Amino acid sequence: GIVPNVELAQQAGLPVDTLQYGTEEDSNARYVTVGKWLTERLFVAYRYRDTAAANKNRNEATFQHFFTRNWMWEGVAGDQGSASIDLLWIVPLGK
């Protein structure tokens, strides 16, 4: 799971809040993602894919800025010139 991996990374002295690895379903590319909360509302992450398809970034950066409780910006950019910025409205489901 993710929590033990983050604990191991922090014990090793890496300043990360998230650490994920796996295989993407659509391309079978293996990836590693590390992320850090810079503030209470700003999250940044870096993803590396070992065998990225021609139309996918091998190196990719993501930011998420939660500027209100229900709204956020999310941006993704990478080494293949692929980039996007999305405005997302978050709707809580159930409680």
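Rules and cut-offs
- Residues numbered from 1 in each chain as written.
- Predicted model: local features only at pLDDT ≥ 70, side-chain atom pairs only at ≥ 80, totals over all residues.
- Heavy atoms only, no water.
- Phe/Tyr/Trp six-rings, centres within 6.5 Å; stacked < 30°, edge-to-face > 60°.
- Helix = DSSP H or I, 4+ residues; strand = E, 2+ residues; numbered from the N terminus.
- Buried < 20%, exposed > 50% of the residue type's maximum accessible area, 1.4 Å probe, protein only.
- Lys NZ or Arg CZ within 6 Å of the ring centre and 35° of its normal.
- pLDDT = per-residue confidence, 0-100.
- Pairing = 2+ DSSP bridges.
- Axes fitted to C-alpha atoms, helices over the stretch in contact; angles between N-to-C directions.
- Salt bridge = Lys/Arg side-chain N within 4 Å of Asp/Glu carboxyl O.

**Some points on the packing of aromatic side chains**
Stage number 1. One pass over the structure, following the stated rule, counts four aromatic pairs.
Stage number 2. Geometrically, the ring pair formed by W37 and F66 is tilted, given 6.0 Å between the ring centres and 35 degrees between the ring planes. Residue W37 is found in strand β2 (residues 30-37), and its partner F66 is found in strand β4 (residues 59-66); the two are separated by 29 residues along the sequence.
Stage number 3. Looking at W37, the relative accessible area reads 37%, which means it is partly exposed.
Stage number 4. Consider the rings of W71 and W89, whose centres lie 6.2 Å apart with planes at 20 degrees: the pair is stacked. Of this pair, W71 sits in strand β5 (residues 71-78) while W89 sits in strand β6 (residues 83-89); the two residues are 18 residues apart in sequence, bridging distant segments of the chain.
Stage number 5. You can call W89 exposed: its relative accessible area is 58%.
Stage number 6. Ring-pair connections join several aromatic residues into one group, and the members of that group are W37, F43 and F66.
Stage number 7. The ring of Y31 is capped by R47, whose NZ or CZ atom sits 4.0 Å from the centre of that ring.

**Thoughts on the confidence of the model for the chain**
Note that predicted coordinates carrying low pLDDT should not be read in detail.
Stage number 1. Scored by pLDDT, the chain has a mean of 85; 87% of the residues are at 70 or more.
Stage number 2. Of all secondary-structure elements in the chain, the lowest mean pLDDT belongs to helix α1 (residues 2-11), at 59, while β5 reaches the highest, 96.

**Side note on the sheet that holds β6**
Stage number 1. Strand order in the open sheet formed by six strands is β1-β2-β3-β4-β5-β6, with antiparallel pairing between adjacent strands. With partners counted over all chains shown, the strands left at the sheet margins are β1 (18-23) and β6, one partner each. Put simply, the sheet's adjacent strands are angled 15 degrees from each other on average, direction ignored.
Stage number 2. Where β5 lies against β6, seven bridges are found, and the strand directions are antiparallel. Along β6, the bridge assignment pairs A77 with A83.

**What to know about the pattern of salt bridges**
Stage number 1. The full count for this structure, using the stated rule, is five salt bridges.
Stage number 2. For K36, the salt bridge goes to D17, with nearest N and O atoms at 3.9 Å. Linking K36 in strand β2 with D17 in the loop between α1 and β1, this pair joins segments that are 19 residues apart in sequence.
Stage number 3. Here R30 ties to D50 by a salt bridge, and the two come within 2.5 Å at their closest N and O atoms. Remark: D50 occurs in the loop between β3 (42-49) and β4 and R30 occurs in strand β2; sequence separation between them is 20 residues.
Stage number 4. In this structure R30 comes out as exposed when scored by relative accessible area, which is 53%.
Stage number 5. The structure contains a network of salt bridges with shared partners spanning E24, R47, R49 and E60.

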